[in-house]
Amino acid sequence: MEKQPLPTDDEKTDAGESEVNGYAGEESQQGSSSTRAGWNSKIEYFLAQVGFSVGLGNVWRFPYLCHQNGGGAFLLLYVLLMLLVGIPLFFLELAAGQAIRQGSIGVWKYISPRLAGIGYSSCVVCFFVALYYNVILAWSLFYLGNSFQHPLPWEQCPKHGNVTVKECEKSSPTSYFWYRKALDITDSIDETGSFNTYIVCCLLAAWTVVCLGMFKGIKSSVKVMYFSSIFPYVVLFCFLVRGLMLDGALEGISHMFYPKLEIWADVQVWRQAATQVFFALGLGFGSIIAYSSYNPKNNNCHRDAFTVSFINFLTSVLATLVVFAVLGFRAKNKVIKCVVGNLKELSEQFHSGYVDQGLMPVFNYSDPKSVALGEYRSWFKQYGSNVTGNLTDCDLEKEMQKGVEGTGLAFIAFTEAMSLLPGSPFWSALFFLMLLNLGLSTMFGTMEGILAPLSDRFKTLANNKIKLTVFSCIVGFVIGLLFTQRCGNYFVTMFDDYSATLPLIIVVVFETFSVSWLYGADRFLDDIEAMLGWRPSVVYKYLWKYICLLAMLGLLLATTIRMFIARPTYMAWNQEKASEEYLEYPGWALAVLASLIIFAMMPVPVALIHALLQDRRKPRSRDTEIGQYSIVSTVDTPMTDMSELDHRNGVATSVS
């Protein structure tokens, strides 16, 4: 039997025409309890989507990947994957949310009850991410509070009497402050330790801010986003201008963007680029669907997909320029100190008779800072091996590779660079306030990915959304106390590396398959045409059915193989050595890690089995079964409560 056609234009009604053709006004949002909230303007929607997709990863993950994987060549690879995979999947989620006007649970249940588990899995992953993401906000709050003093507490090593603390002396003031003062970290994940009182208080403050921001849903969170989504760009431009004026900035940027095209032959580079595209856009979380569900039906979500994606990419490039301009300055300072120290030692050895006159370079020993780095390194490569002592190469590239990813970048490398700037407390406060705002806008989107689907699915929760918000934040804080122990940073690493990556990839694989094959890419394009008034290119059909699906399956396979090839490890801090080292996760930690992945994916098979059992108990005609896959009604109705939509869809199904 042929699939049911969608209603024609003649069958449309004029109900809610004012809201469909524009964004919901304040009065229409508050007028009735059955009215679904809507954005007051396109600007609000853009701030929300950009704020969610542009997060901490743009500042401390993308620059590291770009530097480690070929610089300019990685940028080209990233753009290619963004165009072929990222934007089409982003468009798919935007269109699905805007068409059905429900959260992730409702969207996939609407397509088929057997797919409802996809939405529940998205909610679980969002909850996992929210747990550890807010801990990073707590760390930012702690550093922000410590920035209002001069000198900064991480500028110099503390002393006990007249003796410098050995742990700090062996490492650096910034490393010591991060690992010992902020985290008071244990040597391994096996050693739990007590709760860190300061971080507990900061975590409570972070969850309080999130709760207040989400108190009235998007109507309250978007007011915060006017600041939290725009302020980071102001800070990044300030840092860019200041960074370009620093000695070593150009060296840092040139190291950053120097293209190494040979990396395109490395499968791991493709995997890292695809993963970064995937997480940078926030695919699979359900937050994109939730935010899009508050749009009017004729909103141009196709243009939105390109705009938000390229804003995200340009933000990553801007952050990369800032990071490596500042890190270039930091590295230049370190290698100059290295050269000065080596020339001092070389001079002492010469006067002691340990170095021949013929090996001595012709440098100005009275002013070693004036010696060019290139000249010193040329001499060292030629004669360094013939000189006794501990002379080193003073390699700028190696210095730039130290601590440039994740928390190592934000709380060690960048803080050290800022401590060298005049007015360091000002720049430090500005930087951590930027991190706080980047994290907040992402947290709002993550929480919306939890609250919106649950409210749409369960009417009781929809009627008590404020209580649901407060309860979710309280539960998040209580469970988040796990991360405030002395070993908490190791659990943050575990959650960051494993609780979201594999489950989200599987979620997006199911999303892509269900739309392009189960529902049908042609039908989905038909629905988008009915919604927007024009038909997107047929290229999307082939991208969704083949390119995107195969790319996600390849990413899933590569990620899984990587997990099983080598035992998972984490970066630990050895107090005695005062250095970082990689340790393997113990058996119980691997069990926790596996449980996180299994728990996140469990809703998918459970929902499928539940739907199959329901089908067996209530046999249906084939006409009715086909009817349940109808995704978009072309009737121009206002944004209504989902219970009314369900009732209306039920009537339509019975009539068919």
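Just so we're clear, the structure is a prediction, and the values are computed from it rather than from any experiment.

Parameters at a glance
Here the residue index of a chain counts from 1 through its sequence in written order. Totals for whole chains, interfaces and linings use every residue, but because this is a predicted model, local features are given only for residues with pLDDT of at least 70 and side-chain atom pairs only at 80 or more, for both listing and counting. Computation of side-chain values: all heavy atoms of the structure, hydrogens and water removed. Only DSSP runs of H or I with at least four residues qualify as helices, and only runs of E with at least two residues qualify as strands; both kinds are numbered from the N terminus onward. For a helix, the expected span equals 1.5 Å multiplied by the residue count minus one. A residue's bend is simply the angle between two axes: one fitted to the seven residues ending at it, one to the seven starting at it. UniProt positions are given in the numbering used here, feature names are shortened, and annotations may be inferred rather than shown by experiment. Using protein atoms alone on a 1 Å grid, points that fit a 1.4 Å probe yet trap it form a cavity, whereas open point sets bounded by protein on both sides within 12 Å along at least five of seven lines form a pocket; residues with an atom within 4 Å of a point count as lining. Remark: exposure states derive from per-residue accessible area (1.4 Å probe, protein chains only) relative to the maximum for the residue type, with buried under 20%, exposed over 50%, and partly exposed in between. Should any heavy atoms of two residues lie within 4.5 Å, those residues are counted as being in contact. Here, nonpolar core refers to any group of buried Ala, Val, Leu, Ile, Met, Phe, Trp, Tyr and Cys residues whose side-chain atoms link them within 4.5 Å. Grid points are joined across faces, edges and corners, and a volume is the space filled by probe spheres set on the points. Three classes are used, and their members are as follows: Ala, Val, Leu, Ile, Met, Phe, Trp, Tyr, Cys and Pro are nonpolar, Asp, Glu, Lys and Arg are charged, and the others, Gly among them, are polar. Criterion for a disulfide: a pair of cysteine sulfur atoms within 2.5 Å. Within this document, salt bridges are pairs made up of a side-chain nitrogen of Lys or Arg and a carboxyl oxygen of Asp or Glu, the two lying within 4 Å of each other. Two strands form a pair only when DSSP identifies at least two bridges running between them.

### With respect to helix 6 (residues 72-100)
1) Next: The first and last C-alpha atoms of helix 6 sit 40 Å apart over 29 residues, in line with the 42 Å expected at 1.5 Å per residue.
2) Next: Of all bends in helix 6, the biggest is about 50°, found at M82.

### Topic: the UniProt feature "binding site: Na(+)" (unreviewed entry) in the protein chain
1) Next: In the UniProt entry, the feature "binding site: Na(+)" (unreviewed entry) is given for G51, V54, N58, N312 and L438. For the annotated residues, spread through 388 residues, the largest C-alpha to C-alpha distance comes to 12.4 Å, consistent with a single compact locus. Here the residues from the annotation list that line the second largest cavity are G51, V54 and L438.
2) Next: The topology assignment puts G51 in helix 3 (residues 42-53).
3) Next: For G51, a relative accessible area of 4% translates into the label buried.
4) Next: G51 has contacts with F46, S229, L438, S441 and T442, leaving out every residue within four places of it along the chain.
5) Next: When you line up the elements, N312 lands in helix 17 (residues 301-351).
6) Next: In contact with N312, other than residues within four places in its own chain, are S53, V54, N58, Y78, A280 and L281.

### What about the nonpolar core?
1) Next: Grouped together as the largest cluster of nonpolar side chains are 198 residues, with contacts concentrated most on Y376 and W544.
2) Next: In terms of residue count, the dominant contributor to this core is helix 8 (residues 116-146) (19 residues).
3) Next: Ignoring sequence-local partners within four residues, the contact set of W544 consists of P88, L89, F91, L92, T512, S516, A521, F524, L525, I528 and L549.

### Brief notes about empty space enclosed by the protein
1) Next: Inspection of every chain in the model, using the stated rule, returns three cavities of 30 Å³ or more.
2) Next: W139, A182, L183, I185, N196, I199, F483, T484, Q485, R486, G488 and N489 are the residues that line the largest cavity.
3) Next: Tallied by class, residues from the lining of the largest cavity come to six nonpolar, five polar and one charged.
4) Next: Space inside the second largest cavity adds up to approximately 40 Å³.
5) Next: Listed by contribution, the elements that provide at least two residues to the lining of the second largest cavity are helix 3, helix 13 (231-244) and helix 21 (424-457).
6) Next: Across the lining of the second largest cavity, the residue classes break down as five nonpolar, four polar and no charged.

### Focus on the state of the cysteines
1) Next: The tally for this structure, following the rule as stated, stands at one disulfide.
2) Next: C157 shares a disulfide with C168; S-S distance 1.9 Å. For the disulfide bridge between C157 and C168, the dihedral angle about the S-S bond is near -85°, and by the sign convention the bridge is left-handed. Within this pair, whereas C157 is found in the loop between helix 8 and strand 1 (159-160), its partner C168 is found in helix 9 (residues 166-170), the two being separated by 11 residues in sequence.

### A look at helix 8
1) Next: Look at helix 8: 46 Å from first C-alpha to last across 31 residues, which is about the 45 Å you get at 1.5 Å a residue.
2) Next: Within helix 8, 27 of the 31 residues are buried, leaving the element largely enclosed by the surrounding structure.

### Some remarks on the pattern of salt bridges
1) Next: Taken as a whole and assessed by the stated rule, the structure comprises 13 salt bridges.
2) Next: Across the pair D184 and R180 runs a salt bridge whose closest N-O atoms are separated by 3.1 Å.
3) Next: Judged by its relative accessible area of 29%, D184 is partly exposed.
4) Next: The residue R535 makes a salt bridge to D526 at a minimum N-O spacing of 2.5 Å.
5) Next: Connected via shared salt-bridge partners are E167, R180, D184 and R486.

### Digging into the pairing of strand 3 (residues 569-574)
1) Next: Where strand 3 and strand 4 (residues 579-584) come together, six bridges link them in antiparallel fashion. In the strand pairing of strand 4, M571 is matched with Y582.
2) Next: Taking the residues that link successive antiparallel strands as the turn, the strand 3-strand 4 hairpin has four residues, and the phi of A578 there is positive, at about 55°.

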